[in-house]
Amino acid sequence: MLRIVFTAEDLALTRVAPRTDLMWEMVGSLHRLQSRDGGAALTSWRRQALPRLTGSGLLPSVRTTLLPLAPRGPYFPDFLTPIQAQLGDTAAFQALSDTPRQRLRREMDILRRSSGLPSANLDELARGDPAAMRRFVRVVTDYCRAVLTPHWPEVDRALATERAVMHRHLLRGGAEQLLGHLTPTMRWRPPVLEVDYPAGAGREIHLRGRGLTLIPSYFCRANPVALVDPALPPVLAYPSPRQTVQNTTGGDALAALLGRKRAELLTLVDRMPGCTTSELAARTGISMSTASEHAHVLRRAGLIVSIRRANLMLHHTTRLGADLLAGAPGAKAAHSRRREPDVR
């Protein structure tokens, strides 16, 4: 068991990650490539991932570089999931590139003792060779583009739903209510969060006034995961239980009622409470003025409310808007019985 010990100050600083974390999803997806778990959604993803990796020529690099770095074992290096990923994908890749050599050597030594380093490429990386690091970051970037980007809308929707639920708990009852409504693998017994962990990997983390960032993950399965290095900002990535989501426009009936773009905007507002007009425009590929006009219509219909903060307009669904979305039919997933690919 993993035991995370809170103080009153830690509770005040506990938060939910503001966005989907590409690096945690990358590591989780590498674990899923090495297993056959995760249900129908990840079965479908694995079947699409192998042809994409093969067609892009990435499969050899994934086998020799990425999979050995993220084995399905007790340890993978903390530098693979930098906290800077919370600032966006560009910041995540830059943080990987900027990993100090001393930290690389230290964490790769732990990996060598834990799982071994079967690839000569990883020996060069472990020594902090700049060329090896550039090749590694390029492989990570290409891998994410090949197998995560096509699946990203579904990943982002599922995790946005989870984050919205967790934020509501945080707003209504503070960190204690948030911690009390996590998945069954985590139990809040003040002042300790008990987390189911693999046998032999249990430990205790004292937050000591640093707070905790909770990161719901689409590709993470089974146990939540914390960083090993106690000096790093405390985070806990955990499997999001909300994997099945409705389609982006809430069904054809909703689109027919509101118009496809307005239905899409209403769905986005529900999944991103407090989003701005510019975020709606960027997510839907329309101009600011068009997004503002659609929001005005939704507001007049009583489906959203908009609150001005300085020069920003923040949008939230009303009970009517949420009920309308809740009644929209979702798309049924088709299940195939074809054998899954194996990348190992």
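Check the entry above for the structure.
The structure contained in this document is the topic of the report that follows.

How each quantity is defined
Residues numbered from 1 in each chain as written. Predicted model: local features only at pLDDT ≥ 70, side-chain atom pairs only at ≥ 80, totals over all residues. Heavy atoms only, no water. Helix = DSSP H or I, 4+ residues; strand = E, 2+ residues; numbered from the N terminus. Rg over C-alpha atoms; globule rule 2.2 N^0.38 Å. Buried < 20%, exposed > 50% of the residue type's maximum accessible area, 1.4 Å probe, protein only. Core = buried A, V, L, I, M, F, W, Y, C linked by side-chain atoms within 4.5 Å. Contact = heavy atoms within 4.5 Å. Pairing = 2+ DSSP bridges. Axes fitted to C-alpha atoms, helices over the stretch in contact; angles between N-to-C directions. Salt bridge = Lys/Arg side-chain N within 4 Å of Asp/Glu carboxyl O. Disulfide = S-S within 2.5 Å. Phe/Tyr/Trp six-rings, centres within 6.5 Å; stacked < 30°, edge-to-face > 60°. Arc of directions from axis to C-beta.

Digging into the overall build of the chain
Right, so step 1: Broken down by element type, the chain carries 14 helices and eleven strands.
Right, so step 2: For a compact globule of 344 residues, the expected C-alpha radius of gyration is about 20 Å, and the chain comes in at 21 Å, within 12% of that figure.
Right, so step 3: The dimensions of the chain, computed from C-alpha atoms along their principal axes, are 60 × 50 × 40 Å.
Right, so step 4: Across the 344 residues in the chain, those meeting the buried criterion constitute 51%.

Digging into the nonpolar core
Right, so step 1: Ranked by size, the top nonpolar core spans 57 residues in total, and within it Met23, Phe136 and Tyr143 carry the most contacts.
Right, so step 2: Considering each element in turn, this core owes the most residues, eleven residues, to helix 8 (residues 130–148).
Right, so step 3: With residues up to four places along the chain from it excluded, the contact list for Tyr143 reads Met26, Ser29, Leu30, Leu33, Trp45, Leu53, Leu58, Val62, Leu66 and Leu148.
Right, so step 4: Within the second largest apolar cluster, 24 residues are counted, among which are Met166, Leu178, Leu193 and Leu236.

Some remarks on the sheet that holds strand 9 (residues 275–276)
Right, so step 1: The three strands lie next to each other as 9-11-10, forming an open sheet whose pairing is antiparallel. One side of each edge strand has no neighbouring strand; the edge strands of this open sheet are strand 9 and strand 10 (304–309).
Right, so step 2: Judged from the two bridges that link them, strand 9 and strand 11 (residues 312–317) form a sheet pairing that is antiparallel. Each bridged residue has a counterpart across the sheet, and for Thr276 the counterpart in strand 11 is Leu314.
Right, so step 3: Here helix 11 (residues 260–271) sits on the sheet in contact with strand 9, strand 10 and strand 11, set at roughly 90 degrees to strand 11.

Some remarks on the pattern of salt bridges
Right, so step 1: This model, assessed by the stated rule, comprises twelve salt bridges.
Right, so step 2: Among the salt bridges present, the one from Arg112 reaches Asp109, with a minimum N-O distance of 2.9 Å. Of the two residues, Arg112 and Asp109 are both situated in helix 6 (residues 101–114); the distance of three residues between them amounts to about one turn of the helix.
Right, so step 3: Residue class for Arg112 comes out partly exposed when judged on its relative accessible area of 35%.
Right, so step 4: Each of Arg187, Arg189, Glu194 and Asp196 takes part in salt bridges that share partners, so that together they form one network.

Considerations on the state of the cysteines
Right, so step 1: Scanning the entire structure with this criterion turns up zero disulfides.
Right, so step 2: Sulfur of Cys144: no disulfide; nearest cysteine sulfur belongs to Cys220 and is 16 Å away.

Here we look at the sheet that holds strand 5 (residues 203–206)
Right, so step 1: As summarised here, the arrangement of the four strands in space is 3-4-1-5, forming an open sheet in which the pairing is mixed. Strands with a single pairing partner mark the edges of an open sheet, and in this sheet they are strand 3 (186–189) and strand 5. Taken pair by pair, the neighbouring strands of this sheet meet at an average axis angle of 20 degrees, ignoring direction.
Right, so step 2: Where strand 3 and strand 4 (residues 192–195) come together, four bridges link them in antiparallel fashion. If you follow Arg187 over to strand 4, its bridge partner there is Glu194.

Here's the deal with the packing of aromatic side chains
Right, so step 1: Evaluated as defined, the whole model comprises five aromatic pairs.
Right, so step 2: Here the aromatic rings of Trp45 and Phe219 are separated by 4.8 Å at their centres, their planes lie at 65 degrees, and the arrangement is edge-to-face. Linking Trp45 in helix 3 (residues 39–55) with Phe219 in the loop between strand 6 (213–217) and strand 7 (225–226), this pair joins segments that are 174 residues apart in sequence.
Right, so step 3: A relative accessible area of 0% places Phe219 in the buried class.

Structural notes on unusual backbone geometry
Right, so step 1: Following Pro190, the chain continues to Pro191 via a peptide bond in cis, the omega torsion being 5 degrees.
Right, so step 2: As for its placement among the helices and strands, Pro191 is situated in the loop between strand 3 and strand 4.
Right, so step 3: Residues other than glycine seldom take positive phi values, yet Arg208 does so here, at roughly 55 degrees.

Quick notes on helix 5 (residues 89–97)
Right, so step 1: Every buried residue of helix 5 is listed here: Ala92, Phe93, Ala95 and Leu96. Taken end-on, helix 5 shows its buried residues confined to a sector of 160 degrees, consistent with a single buried face.
Right, so step 2: Turning to helix 5, the residues buried within the fold contact helix 2 (22–33) and helix 8.

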